[in-house]
Amino acid sequence: MDEHKHERFLAANQGLRDFLHRVEKLVTGTGTITDGDLKALSQRLSNLAPEVGDASRGETLDADLRSEIAEYVKNLRALQTALEKVRCIMLARKLQLEGAKRHLYGLQGWVNAYNQTT
């Protein structure tokens with residue numbers, strides 16, 4: 001049973017590290033994150049939450065599993081910061097798109113006015 005948990009935490013930690021790396025690429029403008037990526041991450045976190053809860057209630061764990069759980073908690077803290085970065089990027093992109101949309105509407109108004117005069 002502990003071996004199964006150990007494997008699950010190893011996989012979860014690798015998934016979190018991969019996602020955190022992708023967020024850093026997103027921040028630098030060299031990568032993307034889709035809504036599917038966020039949904040998959042959410043599913044992985046939900047699936048592992050009961051085991052983290054069990055560990056926090058003092059379940060007897062071997063040293064390797066305690067280490068993996070500690071890394072998982074560290075990765076979750078980093079994930080919180082990373083998701084805040086994603087939120088900020090999304091807000092900035094939304095504002096950028098709204099500005100571009102207003103600019104296009106302004107240009108369309110000028111084109112319509114020009115067409116009415118010719």
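Residues take numbers from 1 onward in each chain, read along the sequence in its written order. Local features in a predicted model are, by the rule used here, given only for residues with pLDDT of at least 70; side-chain atom pairs are given and counted only at 80 or more, and totals for whole chains, interfaces and linings are based on all residues. Only hydrogens and water are removed before side-chain values are computed, so all heavy atoms of the structure are retained for them.

J.: Got a minute to help me understand the nonpolar core in this structure?
T.: Generally speaking, a soluble globular protein has its nonpolar side chains buried in company with each other. Take the buried residues of types Ala, Val, Leu, Ile, Met, Phe, Trp, Tyr and Cys, join any two whose side-chain atoms come within 4.5 Å, and each joined set is a nonpolar core. Residue exposure (1.4 Å probe, protein chains only): buried if accessible area is under 20% of the type maximum, exposed if over 50%, otherwise partly exposed. If you look at the biggest cluster of nonpolar residues, it comprises 18 residues, and the most contacted ones within it are F9, F19, V23, I33, Y72 and L79. Of all the elements in the fold, those that place two or more residues in this core are helix 1 (2–27), helix 2 (35–56) and helix 3 (63–117). Counting from the N terminus, the helices are the DSSP runs of H or I reaching at least four residues and the strands are the DSSP runs of E reaching at least two. The element that contributes the greatest number of residues to this core is helix 1, accounting for 7 residues. Residues within four places of Y72 in sequence aside, it is in contact with F9, A12, N13, L16, L45, L48 and V52. In what follows, residue pairs with any heavy atoms lying within 4.5 Å of each other are defined as contacts.

J.: Would you mind showing me how to read helix 3 here?
T.: What a helix is expected to span follows from its residue count: subtract one and scale by 1.5 Å. Over its 55 residues, helix 3 extends 80 Å from the first C-alpha to the last, a length consistent with the 81 Å expected when each residue adds 1.5 Å. In protein, a polar contact means a hydrogen-donor-capable atom and an acceptor-capable atom, both N or O and within 3.5 Å, with residues adjacent in sequence counting only if both atoms are side-chain atoms; elsewhere, any N or O pair within 3.5 Å suffices. Its side-chain oxygen placed 3.1 Å from the backbone nitrogen of D64, D62 serves as the N-cap of helix 3.

J.: Could you clarify how one ought to interpret a negative patch on the surface in this entry?
T.: Put simply, a patch holds well-exposed residues, over 30% relative accessible area, that have no salt bridge, with like charges counted together within 9 Å and Val, Leu, Ile, Met, Phe, Trp or Tyr side chains within 5 Å. We get accessible surface area from the Shrake-Rupley algorithm with a probe of 1.4 Å; when it comes to residues, only the shown protein chains can shield them. When a carboxyl oxygen of Asp or Glu lies within 4 Å of a side-chain nitrogen of Lys or Arg, that pair is called a salt bridge. The charge count treats Lys and Arg as positive and Asp and Glu as negative. His and the chain ends do not count. In plain terms, the charge of a residue is placed at NZ if it is Lys, CZ if Arg, CG if Asp and CD if Glu. Taken together, the side chains of E3, E7, D62 and D64 make up a negatively charged region of the molecular surface. Position of D62 relative to the elements: it lies in the loop between helix 2 and helix 3. Its relative accessible area of 36% is what places D62 among the partly exposed residues.

J.: What am I meant to see in the side chain of E68 here?
T.: Mapped onto the elements, E68 comes out in helix 3. Not counting residues within four places of it along the chain, the set of residues in contact with E68 comprises H6, F9, L10 and N13.

J.: How do you make sense of the pattern of salt bridges when you look at a structure like this?
T.: One side chain can pair with another of opposite charge once the charged atoms of both are near each other. Taken as a whole and assessed by the stated rule, the structure comprises 5 salt bridges. One salt bridge in this structure joins R22 and D37, with 2.7 Å as the shortest N-O distance. One end of the pair, R22, is in helix 1; the other, D37, is in helix 2, and 15 residues separate them in sequence. Overall, D37 belongs to the buried group, its relative accessible area being 18%.

J.: Would you mind going over the confidence of the model for the chain with me for this structure?
T.: Detail in the predicted coordinates should be disregarded across regions flagged by low pLDDT. pLDDT is a per-residue confidence score from the predictor, ranging from 0 to 100. Looking at the chain, the pLDDT average stands at 85 and 93% of residues meet or exceed 70. Ranking the helices and strands of the chain by mean pLDDT puts helix 3 first, with 90, and helix 2 last, with 80.

J.: When you look at the environment of Y114 in this model, what are you seeing that I'm missing?
T.: Position of Y114 among the secondary structure elements: in helix 3. For the pair Y114 and R77, spaced 37 residues apart in sequence, the C-alpha to C-alpha distance is 56 Å.

J.: Help me understand the environment of K94 in this model?
T.: With respect to the helices and strands, the residue K94 is situated in helix 3. Residue class for K94 comes out partly exposed when judged on its relative accessible area of 48%. Along the chain, K94 and R77 lie 17 residues apart, while their C-alpha atoms are 26 Å from each other.

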